[in-house]
2 protein chains.
Amino acid sequence: MSQKTDSVIKWVYAFDEKTENMNSLLGGKGAGLAEMTHIGLPVPPGFTVITKACKEFINNNYHIPDSIWQDILINIKKLELLTNKTYGDVNNPLLVSVRSGSVVSMPGMMDTVLNLGLNDQTVLGLSKSSGGEKFAYDSYRRFIQMYSKVVLEIASDKFESILDEIKLKNNYQSDSQLEFNDIQKIVNQFKEIVLAETGSDFPQDPYTQLKLAVEAVFLSWFSDRADEYRRINEISDSLGTAVNIVAMVFGNRDQNSGTGVAFTRNPSTGTKELFGEYLDIAQGEDVVAGIRTPKSISSLEESNKDLYSELVKISKILEGHYKDAQDMEFTVESNKLYMLQTRSAKRSALASVKISVDMVSEGLISKEESLNLIDPTRINELMLPKFSDEEEDLSLKCKAYIDSGLNASPGAAVGKIVFDPTEAVEMKNLGEKVILVRDETSPDDIHGMHASTGVLTAKGGATSHAAVVARGMGKPCITGCDSLHIDQQNKRCTIGNQTFQLYDIISIDGSSGEIFTGTMKTITPSPSDTKELSTILEWADSTRKLGIWANADTPEDASKAIELGAEGIGLCRTEHMFFGEERLPWVQQLIMSTSSISTNGNNQQNKYQESILKMLEFQIQDFYEILKVMDNKPVVIRLIDPPLHEFLPSYEKLIDQIYEEKMNNNQGELLDQLEDILAIVKDIKESNPMLGLRGCRLGILYPDIVAMQTKAILTAACQLIKEGNNPIPEIMIPLVGDYRELVVLKELLLQEASKVEEELQLKPSYKIGTMIELPRAAITADDIAKHAQFFSFGTNDLTQTTYGFSRDDAESKFLNEYQEKGILSTNPFKTLDEKGVGQLMKIAIEKGRLSNSDLELGICGEHGGDPKSILICHNLGLNYVSASPYRVPVARLAAAQATINSKN
Amino acid sequence: MSQKTDSVIKWVYAFDEKTENMNSLLGGKGAGLAEMTHIGLPVPPGFTVITKACKEFINNNYHIPDSIWQDILINIKKLELLTNKTYGDVNNPLLVSVRSGSVVSMPGMMDTVLNLGLNDQTVLGLSKSSGGEKFAYDSYRRFIQMYSKVVLEIASDKFESILDEIKLKNNYQSDSQLEFNDIQKIVNQFKEIVLAETGSDFPQDPYTQLKLAVEAVFLSWFSDRADEYRRINEISDSLGTAVNIVAMVFGNRDQNSGTGVAFTRNPSTGTKELFGEYLDIAQGEDVVAGIRTPKSISSLEESNKDLYSELVKISKILEGHYKDAQDMEFTVESNKLYMLQTRSAKRSALASVKISVDMVSEGLISKEESLNLIDPTRINELMLPKFSDEEEDLSLKCKAYIDSGLNASPGAAVGKIVFDPTEAVEMKNLGEKVILVRDETSPDDIHGMHASTGVLTAKGGATSHAAVVARGMGKPCITGCDSLHIDQQNKRCTIGNQTFQLYDIISIDGSSGEIFTGTMKTITPSPSDTKELSTILEWADSTRKLGIWANADTPEDASKAIELGAEGIGLCRTEHMFFGEERLPWVQQLIMSTSSISTNGNNQQNKYQESILKMLEFQIQDFYEILKVMDNKPVVIRLIDPPLHEFLPSYEKLIDQIYEEKMNNNQGELLDQLEDILAIVKDIKESNPMLGLRGCRLGILYPDIVAMQTKAILTAACQLIKEGNNPIPEIMIPLVGDYRELVVLKELLLQEASKVEEELQLKPSYKIGTMIELPRAAITADDIAKHAQFFSFGTNDLTQTTYGFSRDDAESKFLNEYQEKGILSTNPFKTLDEKGVGQLMKIAIEKGRLSNSDLELGICGEHGGDPKSILICHNLGLNYVSASPYRVPVARLAAAQATINSKN
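Residues numbered from 1 in each chain as written. Chains lettered and ligands numbered in written order. Predicted model: local features only at pLDDT ≥ 70, side-chain atom pairs only at ≥ 80, totals over all residues. Heavy atoms only, no water.

Draft legend 1. Here's a closer look at the sheet that holds strand β11 (residues 326-333) of chain B. Residue and element names in this part refer to chain B. Pairing is antiparallel in the open sheet, where five strands are placed in the order β10-β9-β8-β11-β12. The sheet terminates laterally at β10 (295-296) and β12 (336-344), the two strands that pair on one side only. Note that strand β8 (residues 258-263) and β11 share six bridges and pair antiparallel. Bridged to G260 within β11 is F330. (Pairing = 2+ DSSP bridges. Helix = DSSP H or I, 4+ residues; strand = E, 2+ residues; numbered from the N terminus.)

Draft legend 2. Region of interest: the environment of V418 of chain A. Residue and element names in this part refer to chain A. Of note, V418 is situated in strand β16 (residues 412-418). A residue is classified by how much of its surface remains accessible, and V418, at 0% relative accessible area, is buried. Each C-alpha atom of the pair V418 and K433 lies 10.0 Å from the other, and the pair is 15 residues apart in sequence. Discounting residues that sit within four places of it in the chain, V418 has contacts with E423, A424, M427, V434, I435, L436, V437, L502 and Y503. (Buried < 20%, exposed > 50% of the residue type's maximum accessible area, 1.4 Å probe, protein only. Contact = heavy atoms within 4.5 Å.)

Draft legend 3. Representation of the interface of chain B and chain A in the model. Contacts between the two partners involve 57 residues from chain B and, on the opposite side, 56 residues from chain A. Of the roughly 5100 Å² buried between chain B and chain A on both sides combined, carbon and sulfur atoms contribute 58%. Put simply, chain B and chain A have six salt bridges between them. Where D833 of chain B meets R776 of chain A, a salt bridge forms, and the shortest distance between an N and an O atom there is 2.6 Å. Connecting chain B to chain A are 34 residue pairs in polar contact (both at pLDDT 80 or more). The element contributing the most residues to the side of chain B that touches chain A is helix α24 (residues 651-663) of chain B, with seven residues. Classifying every residue of the side of chain B that touches chain A gives 24 nonpolar, 13 polar and 20 charged. (Buried area = accessible area lost by both parts, 1.4 Å probe. Salt bridge = Lys/Arg side-chain N within 4 Å of Asp/Glu carboxyl O. Polar contact = N/O pair within 3.5 Å; in protein donor to acceptor, adjacent residues only side chain to side chain. Nonpolar A, V, L, I, M, F, W, Y, C, P; charged D, E, K, R; others polar.)

Draft legend 4. Structural detail: the relation of the copies chain B and chain A. With an RMSD of 0.2 Å, the fit of chain B onto chain A corresponds to turning through 180° and sliding 0.0 Å along the axis. The symmetry that links the two subunits is that of a two-fold axis. When you check the interface residues of chain B against chain A, 98% turn up at the interface there too, and the contact is symmetric in its surfaces. (Least-squares fit on C-alpha atoms with pLDDT ≥ 70 in both.)

Draft legend 5. Representation of the pairing of strand β33 (residues 880-883) of chain B in the model. All names here are of chain B. Side chains Y880 and S882 project from β33 onto one buried face, and the interleaved V881 and A883 project onto a second face that is buried too. Sheet analysis places strand β26 (residues 547-551) next to β33, joined by four bridges and oriented parallel. Along β33, the bridge assignment pairs A550 with A883. As paired strands, strand β32 (residues 856-859) and β33 are joined by two bridges and run parallel to one another. Paired with I859 across the bridge in β33 is V881.

Draft legend 6. Structural context of the packing of aromatic side chains. Counted by the stated rule, this structure contains 42 aromatic pairs over all chains. With a centroid separation of 6.0 Å and 5° between ring planes, the pair formed by Y278 of chain A and F330 of chain A is classed as stacked. Of the two residues, Y278 of chain A is situated in strand β9 (residues 275-280) and F330 of chain A in strand β11 (residues 326-333); the sequence distance between them amounts to 52 residues. Aromatic side chains Y401 of chain B and F516 of chain B sit 6.1 Å apart centroid to centroid with 70° between the ring planes, which places their arrangement in the edge-to-face category. (Phe/Tyr/Trp six-rings, centres within 6.5 Å; stacked < 30°, edge-to-face > 60°.)

Draft legend 7. Representation of the sheet that holds strand β17 (residues 434-438) of chain A within the structure. All names here are of chain A. The mixed open sheet is built from eight strands, whose spatial order is β14-β24-β23-β16-β17-β18-β19-β15. Looking at which strands have only one partner, the edges of the open sheet turn out to be β14 (401-404) and β15 (406-409). On average, each strand axis in the sheet is tilted by 30° relative to the strand beside it, whichever way the strands run. Looking at chain direction, strand β23 (residues 505-509) and strand β24 (residues 514-517) are connected through four bridges and run antiparallel. Bridged to I506 within β24 is T517. In this fold helix α16 (residues 391-400) packs onto β14 and β24, with an angle of close to 70° to the strand it touches most, β14. Sitting on the sheet, helix α17 (residues 421-429) touches β16 and β17, and the angle it makes with β17 is about 175°. (Axes fitted to C-alpha atoms, helices over the stretch in contact; angles between N-to-C directions.)

Given below as structure tokens:
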């Protein structure tokens, strides 16, 4: 099959060729280089092997197919014409870099090889034709090391230790101090390593070098770290990477050469300023890898004014072109600037909102474009805890202050020190908060960074791996803390002059770079604390069509929800009210008194009544408070839902207690009591509680509970009306699968409500509705809608039953494996499964609206706070989504984006 | 609202009025009386209050609304004109009966009152105008007793004991021997009982009598026994009953009077002969209640030739009219015959097939009508065990023979004697087989009869309550065993001259009426043993469109399935093969060796390989045998499905064992071993195993198991081909929810299959398909069908997930209550839920066929053997249904009926 398509596919595009869909065809880097070439920016000549070739490479048993290789060779010829150099020529050799470039940016995840084309002969030619021996051999030793690592898979530290040895011997501080002699020696020793490790000499044929390097870049798409990155960032495995082959320009050529990274705006604060770093006499990898600490880009304004202003000019051109802040890589060879990459700048949430709002003021983009520039899930970072600056806390902070590093990713974190990324994951799984403390991070540390609440490194700048990745994850990060020294052996470190053991607690402020010993008091900012965020959310509110409600079970959560912009409560779970210390015993008494196991007749009936009355008392107060907070706003109150066993101790715990008593020969009252409870627990035990006696089924079997809750809601509402408030309760019946369940409970509910209305001589308005959380409810929504004023999609349970996944079981037993194997591209409990669950929702909405055109439709599953799911909800035509209070701002923005993007 | 509709509804129809939809309007009895009137048969004049009035009665707070009462009064006037008598007239009083009559026949379930209109005055008028004092007072005492029971709710035994006392004192054998004086005394004593029990005199106003009697009949629709009957027979509560008011004719008038019940054909054997019973000088209730043992109807051929031939004539007319065998009630008043009821005759399964086939031969009905006359679920009775008549068993039977009674309902049963219907239910719930032994049965015994394997009574004839109900239930029953005497006090009985204690075992043959002590050897007949059944099934096979396959996991079951007419195996559950004594240890070793808990490395890997190989050996043999039996027929083999914990001991059992060891201070190897297993059991424990790691999820996590099973299937198939057979395996992947699950496993399966094909140099043909048992599979069937050659609907699980019902939990916790409350009309695990599950199937079928027009579609859930569900499957356009082997004949007939009835 591959032969057939080969003949028609154009596998390679030179940067100066124009084409459609550049990004998906050429990958991000290739597209950026081509775009910059087209708009006249200085880019070295080069070409891109398209992303589709990656799949072809796999199908061809992990070898480049001939057709693709031929296209590469033709384009190498073109490069030779453009550069007037010849690849592999011993006198005037063309050197190239081979760089990965996937459709979605995966910074540092995949491999790059620079200086290809060098061998024992061409290094001499380079030396003659260009900047001399030292430069040529410096390039050669870089090439051997990088090629060995990427293509030959020889560990880098073997090469590093040779470098370190020579630097130590000569007392050099940096690589740039190496003399020609040193470098020559290094090259020889490097070649010996290669011989020793591979049993063959370092490959001298430039075309072999090229072919293997291209294959290595394709292969790096499948590296563990790249897989991990894609899994965390939900990037499809099937995209593949492109390969860019670019004529080398040399930042290590001479004193007037160097390399840098620049952002068009400050990626931490969003300030409109050129921000970045520059390292002279260096190649690109030196900056990113944090090998030497670079100079700030602003220092160029004095030291190299022309270069600086050219960068500023280019940065404006690129922002105007892309309508977004850019992250650029460049190299200066003998005072001439070359652009090597441009891409949308990764930025902090704060920078994200500031840049978006500023660019609207600057007339660069529209409000809608501005809303679309922000990742909704990230604005939560602006509401993450930060350390309190209140007077009393400030003095504590002063006492606890140890040292500062670079403020690489904003936010504050408190946690136990761990030194190993895998241990970070283990600790997180134990429920611990940890701070990952490392010398520097590498792509192999990703899983540990993901598991930590914050990251602290000794080396690296604001664009080092740790900084870039932490910002991407929204985690506080401090890099370049020079006073940090780690003693891996003894599992301890020093910061400043203090020593910390594994698991000692520290606090880090990624916004200021400050490090504190112990736990600092944290405060949680509100959206209104950030002016630009308020602006963005206002724009979002005037754009979005979906209502944004919140899930809240307490007055505190309800207040928070309102503060964060919620327009109602979409899910108030009443059973959460039963777990309080003074309440649970009554609930347990109720359960024990309804059990068919107990047989103390009248007494049981009395206890039953007593517990119902007691719970009524509690519930009136509960509903009074929450409806008061939510004055004038709807509150969807769900009647009791979970299986009763959740209110009793677990079988496992009870049996252990009982045997402990027995083994200690205790025969007392406690044992009897435990055995009584065990009998009930056994009696109500279910094989699959998720599909058992819960939801409306409970209400139908124990109508007194429903009656009690209804009475409590109506009584609370009446009381509030008397006090001049306007409560809007909506009573929701859970787990309905057949309309007759709803009919039976609705009747009971209306009866109980009229009793209260008659007694209190008031008629509060309220709605009665149901959750749609079973496939059968969705399929028979037409029947159900005749008896309901609203539907609320319980997509957590609907996902469980539609997929036949028990959430707990699935997530711990096979869901990860499913995602790794590509069977599921996302976790359906996180992002709504549009094809399955979404389809059932569609059926329910169409059938429901058909038989009840006034039907109010919402979603109260956790998907209500997930932007991708919110887009689906918008497209389905829901009236509102309900999210947890802290997700409300996220949902407001996501709903606005849904409105904008579904217009297209 | 009731006022509004009242004005237009005609609440009452006289028998001579014609109308549409008589049965649903008038109920069975009313419709029969009207039909017989219209075709000129002798029916006393009367009228019917329509079934809809029953609902109106409820809505009017359990009182007859005025409008209905007025219609009744008008019709009473008409009756007076027709009979030339006057209701309540003291000289020539019109008497009436008030009789229930629902749409679906519920024999004996509801109430009837005879002789209405009698009081202290009219009894004198009756005496003068008709057959004298004794007859008039006999009618009066009957009336008081019946009215008191039905309307005043006074227990009958109070009246019975007065009757018994007088009979004993005078040494009368039967009621008919009572003298006028006796009866007068009885009437007075009866009236005293009424005064004592109700505090009022027996109501003398005939119109009060009438009104209350009508209301009592309506109310009897809601009696416990009627509710129970409807629940068992799945009759809707909302149908309601009609009330028939008929001018009395008197079977107790004189020596030339009597009453009887006759079947147009023998309801036990199906023989074409008038069959029934006749009791002279009696009223109808005497026969049905089994108060006196009646004469056989054939005796009339000699004693009253004219009457007999008139009955024969009428029976032919009715069969010709209804095209079905009839069950008639009649009364003879002074040699004049009156028909009081006709309805389709309840009959044994044997009679049912014989009558149907005979009526085709007689040219009375078509083959299609004949197929439709038989209840498919009942033909199984023809394959129920009967006692062996082999020589060696015969001698045992002779020794064990005790006595005989009437062969009231055919079939053989062995069980423990119980005397109390409630105890029968309790014993059944303990898994015991019981025979209910009673003096006679009444409608209050229904639940006990349902729970028993057979029924034996001392009194009653072939049309007694016990006989009629047992035949309806398809249970063996012997009635009228005169030598049976029950000592309830001491919980024992004598039969013949033997005494039996509670729980002693007896065997009863309902076909012969024989009773044996101990357990008789039973044999199970095949359909071909009954000629008429073979004929019916042949006709069914040539009529039906659905294929009939069977669920079978063993060669024995598969043979049985073929014998019973199965055309393939629709579900072969491979995991059932793992539970054998010599197999389970290997399965357990496999599970233990895959667990992440165990850590003995290499050894674990070895054990894993060893158990896989061992299981391969077993499975090759398993598949070889079943495919051999099913030569030339498809066998759908489902890959391993259940959660692994099912192969290990339960947590509860383990923990008890461990603590027992500990409490006995045992520290040995056993304890270690138990704790090892417990650790694994804890590790693989799931909150909701039904929604957990099972089905294809297992296969994806443990591909070696799937590979092993595939290898076994293909190896077995190759072996059979070499031996000249034609195996047709279809490999089924369970619990698919996303097509990518199927893709991954299909690839593995194809790989493994080609390995076998290559090794054995044979290419067996096989199919790969999937179960559709999750809502998501149904919703995304278009994607799935692209990768499947067949779908098999696993409606057990599909019902669980669509409803969110865990089958075990739901059935034990709330499903009964749901059915009692009318929330569900049927158990969705028994009869397919057409609105929910059926709708999902429809979606799956449409989407599946759209993307794969060759898709083979079947059902393997238990619904495949349920006639109502089979009709749904037919209408959905499935290719086949698969049922348990013993349900195959049921399914063949039901599928034929589906073809016939869906033509309409």
